[in-house]
Amino acid sequence: MVKGFESGILYKNKEWKTEWMPASKLSQGDYVVIPIDRTTISKDERLFTIKFGKNENVEVPLKTDKDFFRLAGYYLSEGSIIDEHYLTFTFNKKEREYIDDVKQLLLKIFGKEAIEQSEYKNGISIIFCSTTAARIFKQQFGAGAHNKHLPKWMLLESLEKQSELIKGWFRGDGNVTSKKYSWGNKRAFRICTVSNELADGMKEVLLRLNIIASINVWKRQKPRTDLYVIYVGGSYLESFGNIVDNNISLTESKDGNMVTQLELVSYGKIIGDYAFVPIKSIKKEQVKNLDVYNFSVEDDESYVSHNILVHNCTAPVYSTDSLHAAVVEVIALKDAKIRYTTIQNWSNNVYNLVTKRAYAYENATVEWIDGNIGSKITQKYPSVYLKGK
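These figures come from a predicted structure and were not determined experimentally. (Residues numbered from 1 in each chain as written. Predicted model: local features only at pLDDT ≥ 70, side-chain atom pairs only at ≥ 80, totals over all residues. Heavy atoms only, no water.)

### Digging into the overall build of the protein
A count of helical and extended segments in the protein gives 7 helices and 23 strands. Counting only residues that meet the buried cut, the protein has 41% of its 389 residues in that class. Long-range pairs, those at least 24 residues apart, make up 66% of the contacts in the protein with a sequence separation of at least 6. (Helix = DSSP H or I, 4+ residues; strand = E, 2+ residues; numbered from the N terminus. Buried < 20%, exposed > 50% of the residue type's maximum accessible area, 1.4 Å probe, protein only. Contact = heavy atoms within 4.5 Å.)

### Concerning the sheet that holds strand β9 (residues 123-129)
Strand order in the open sheet formed by 4 strands is β6-β7-β9-β8, with antiparallel pairing between adjacent strands. The sheet is open, and its two edges are formed by β6 (79-82) and β8 (115-116), each paired on a single side. Taken together, the 7 bridges between strand β7 (residues 86-92) and β9 define a ladder with antiparallel strand orientation. Note on β9: the bridge partner recorded for Leu87 is Phe128. The strands that helix α1 (residues 66-78) touches are β6 and β7; relative to β7, the one it contacts most, it runs at about 75 degrees. Set on the sheet, helix α3 (residues 131-141) makes contact with β6, β7 and β9; between it and β7 the angle comes to about 75 degrees. (Pairing = 2+ DSSP bridges. Axes fitted to C-alpha atoms, helices over the stretch in contact; angles between N-to-C directions.)

### A short note on the side chain of Lys356
One can find Lys356 in strand β21 (residues 350-360). Reaching out from Lys356, the side chain makes a polar contact with the side chain of Asp370 at a distance of 2.3 Å. (Polar contact = N/O pair within 3.5 Å; in protein donor to acceptor, adjacent residues only side chain to side chain.)

### Things to note about the packing of aromatic side chains
Across all of its chains, the model carries 20 aromatic pairs by this definition. Arranged with centres 6.5 Å apart and planes meeting at 70 degrees, the rings of Phe68 and Phe69 form a pair that is edge-to-face. Centre to centre, the rings of Phe69 and Trp153 are 5.9 Å apart; their planes meet at 85 degrees, and the pair counts as edge-to-face. Residue Phe69 is located in helix α1, and its partner Trp153 is located in helix α4 (residues 152-155); the two are separated by 84 residues in the primary sequence. Over the aromatic face of Phe52 sits the side chain of Arg135, whose NZ or CZ is 5.3 Å from the ring centroid. When the ring centre of Tyr75 is taken as reference, the NZ or CZ atom of Lys148 above it lies at 4.7 Å. (Phe/Tyr/Trp six-rings, centres within 6.5 Å; stacked < 30°, edge-to-face > 60°. Lys NZ or Arg CZ within 6 Å of the ring centre and 35° of its normal.)

### Focus: the confidence of the model for the protein
Of the residues in the protein, 85% have a pLDDT of 70 or more, and the chain-wide mean is 85. Residue range residues 1-5 is modelled with pLDDT below 50. Its contacts to residues more than four positions away, or to other chains, number 19 contacts. Counted against residues more than four places away or in other chains, residues 250-263, with its pLDDT under 50, gives 29 contacts. (pLDDT = per-residue confidence, 0-100.)

### Comments concerning the sheet that holds strand β19 (residues 322-332)
The sheet built from 3 strands is open, its strands ordered β19-β21-β23 with parallel pairing. Only two strands of the sheet have a single neighbouring strand rather than two, namely β19 and β23 (377-386). In this sheet, adjacent strand axes meet at a mean angle of 10 degrees when their direction is disregarded. Direction of pairing for β21 relative to β23: parallel, over a ladder of 10 bridges. Following the sheet pairing, Ala360 is matched in β23 by Leu386.

### As for the pattern of salt bridges
In total, this model carries 26 salt bridges according to the counting rule given. Across the pair Arg96 and Glu116 runs a salt bridge, and its minimum N-O distance is 2.7 Å. With a gap of 20 residues between them, Arg96 in helix α2 (residues 96-110) and Glu116 in strand β8 connect regions that are remote in the sequence. For Arg96, a relative accessible area of 32% puts it in the partly exposed group. Residues joined in a network through salt bridges with shared partners are Asp65, Asp67, Arg70, Glu97, Asp101, Lys108, Glu164, Lys167, Arg171 and Asp245. (Salt bridge = Lys/Arg side-chain N within 4 Å of Asp/Glu carboxyl O.)

### Observations regarding a nonpolar patch on the surface
A cluster of nonpolar residues, Leu323, Leu353 and Ile377, forms a patch on the protein surface that exposes about 260 Å² of accessible area. For Ile377, the location among the structural elements is in strand β23. (Patch = residues over 30% accessible without salt bridge, like charges linked within 9 Å, V, L, I, M, F, W, Y side chains within 5 Å. Areas by Shrake-Rupley, 256 points an atom, 1.4 Å probe, with all protein chains shown as cover.)

### Section: the layout of surface pockets
Each pocket or cavity is described by its volume, and for the second largest pocket that value is around 280 Å³. As for the second largest pocket, its lining consists of 14 residues, of which Pro35, Asp200, Gly201, Glu204 and Asn307 are closest to the centre. Elements represented by at least two residues in the lining of the second largest pocket include exactly β3 (31-35) and α6 (196-208). Grouping the constituent residues of the lining of the second largest pocket by class yields 7 nonpolar, 2 polar and 5 charged. (1 Å grid on protein atoms, 1.4 Å probe; cavity = no way out; pocket = protein on both sides within 12 Å on 5 of 7 lines; lining within 4 Å. Points joined across faces, edges and corners; volume = space filled by probe spheres on them. Nonpolar A, V, L, I, M, F, W, Y, C, P; charged D, E, K, R; others polar.)

Given below as structure tokens:
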């Protein structure tokens, strides 16, 4: 943290109410707030535009129902794409239920039979020969394990569909883990991926389903890449188990008796549109010459950083003279209206030099609104280039 640079963080007080707190005032065990996006935009059918040949774009309508979401989950865990013409899935030979499910889903959604290959090293692959399917899945979900992700529209779909997405994903990459304690075995659901973006997206989906999950990063030696492991445990075991059709014994004592639901502890809590999670540790570092970024946001100046709600900071204070040099470029196309507003509070030993350039096309309007407090010297050069008739 730069000396004097103080962001506000939304956290809970003793009554589980939210309030802003300077980062320096937070302690281990305090709860920070993760917002949950409850927006729902659900469509029974969507148009996907894919490219054929050099210049031909083709719109393909597909039903995006529960079955499509479960198939997407299977792809995100066990799927791959070959040459943009083949969609493949690979399962263990013992997972006959999932193999048959994927084959039926492909037939229902794309109207074509998949090919099941012979067993090889205890694995069975499904090959689906379809350029359309391969390109849609590559476009929407990424190709290659490291590049897999969830499209924005899927993050805002109905909870019923998202439950099927989680089910398909868990069936491919999930398992149940058990850890021994003096009082018995504690169990948790675990899902692994090498895609950081996919792990974050699935955690967001689980929050919408009122389930708090944690992400652990397993550091691995190169050439192997880091593994992102999602855990679901505590009081969220039962609801997650219902989604993935795996109602495990939640926790057992030494003599085999079930520990009651009331004794399952989750350190996170969901209230309305927010999830409250505890701070496990705090790390402080002395830094020099660190780039500092500040966002200007309408109304309360709040935004989300690394999933946590924060708001804008006060001005940095530097021990020596410092330079802030920036270029802002705005393009207003035909009939557009852009108003760029900024309010800045600088330390008295900062040289603030900024060039602002705008291009205004036919019937466009550009407005610069700029307020500056402090600084040793501020020089700004706003300009608008008229590019229309």
